[in-house]
Amino acid sequence: QVQLVESGGGLVQAGGSLRLSCAASGSIVSINAMAWYRQVPGKQRELVASITKNGRTNYAISVKGRFTISRDNNKDTVYLQMNSLKPEDTALYYCAADRAMVVKGLNMDYWGKGTLVTVSS
């Protein structure tokens, strides 16, 4: 089993920045793909960014150029640097991990409990 714990959420003004962290513990050697998702009430959870164990990244169009996902395999931690935040980025952000090399949409193997990001206008 793998446990994921997110941190770094909070309230920020539009145009500001936040950095989310996700620390993994447990059977971490099995993890390949890691990703950040977000969800707002009444909407489906959506993929924000993903990263493979060898560093290949992928971003949602809505965050490309503003968000950066990175990974420290020595610390078993994945980060999401969020710049130029907009009110529409307000959501509960979830960390996810999978044993596969690619993300599997909402069928990732492991999920954190989420960290709330609120962007005020």
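For the structure, check the block above.
A brief structural summary. (Residues numbered from 1 in each chain as written. Predicted model: local features only at pLDDT ≥ 70, side-chain atom pairs only at ≥ 80, totals over all residues. Heavy atoms only, no water.)

### Notes on the pairing of strand β7 (residues 67-72)
Alternating positions in β7 separate cleanly, F67, I69 and R71 being buried on one face and T68, S70 and D72 remaining unburied on the opposite face. Here 6 bridges tie β7 to strand β8 (residues 77-82), and the two strands are oriented antiparallel to one another. Residue pairing across strands places R71 opposite V78, the latter belonging to β8. With antiparallel pairing between neighbouring strands as the criterion, β7 and β8 make up a hairpin whose turn holds 4 residues, including D76 at a positive phi of roughly 55°. (Buried < 20%, exposed > 50% of the residue type's maximum accessible area, 1.4 Å probe, protein only. Helix = DSSP H or I, 4+ residues; strand = E, 2+ residues; numbered from the N terminus. Pairing = 2+ DSSP bridges.)

### Looking at the sheet that holds β7
Reading across the sheet, the 4 strands line up as β1-β3-β8-β7 and stay open at both edges, with antiparallel pairing between neighbours. Taken across any chain shown, the strands that pair with only one partner, and hence form the sheet edges, are β1 (2-7) and β7. If you compare each strand with its neighbour and ignore which way they point, the axes differ by 15° on average. (Axes fitted to C-alpha atoms, helices over the stretch in contact; angles between N-to-C directions.)

### Regarding the pattern of salt bridges
Throughout the structure, instances matching the rule amount to 6 salt bridges. Between R38 and D89 there is a salt bridge, with its nearest N and O atoms 2.9 Å apart. Pair noted here: R38 is in strand β4 (residues 34-39) and D89 is in the loop between β8 and β9 (91-97), with a separation of 51 residues, a long-range link. For the salt bridge of D109 with R99, the shortest nitrogen-to-oxygen distance reads 2.8 Å. Remark: R99 occurs in the loop between β9 and β10 (110-111) and D109 occurs in the loop between β9 and β10; sequence separation between them is 10 residues. With a relative accessible area of 25%, D109 lands in the partly exposed category. What emerges from the salt-bridge pattern is a single network uniting R38, E46, R66 and D89. (Salt bridge = Lys/Arg side-chain N within 4 Å of Asp/Glu carboxyl O.)

Keep in mind these numbers describe shape, not what the thing actually does.
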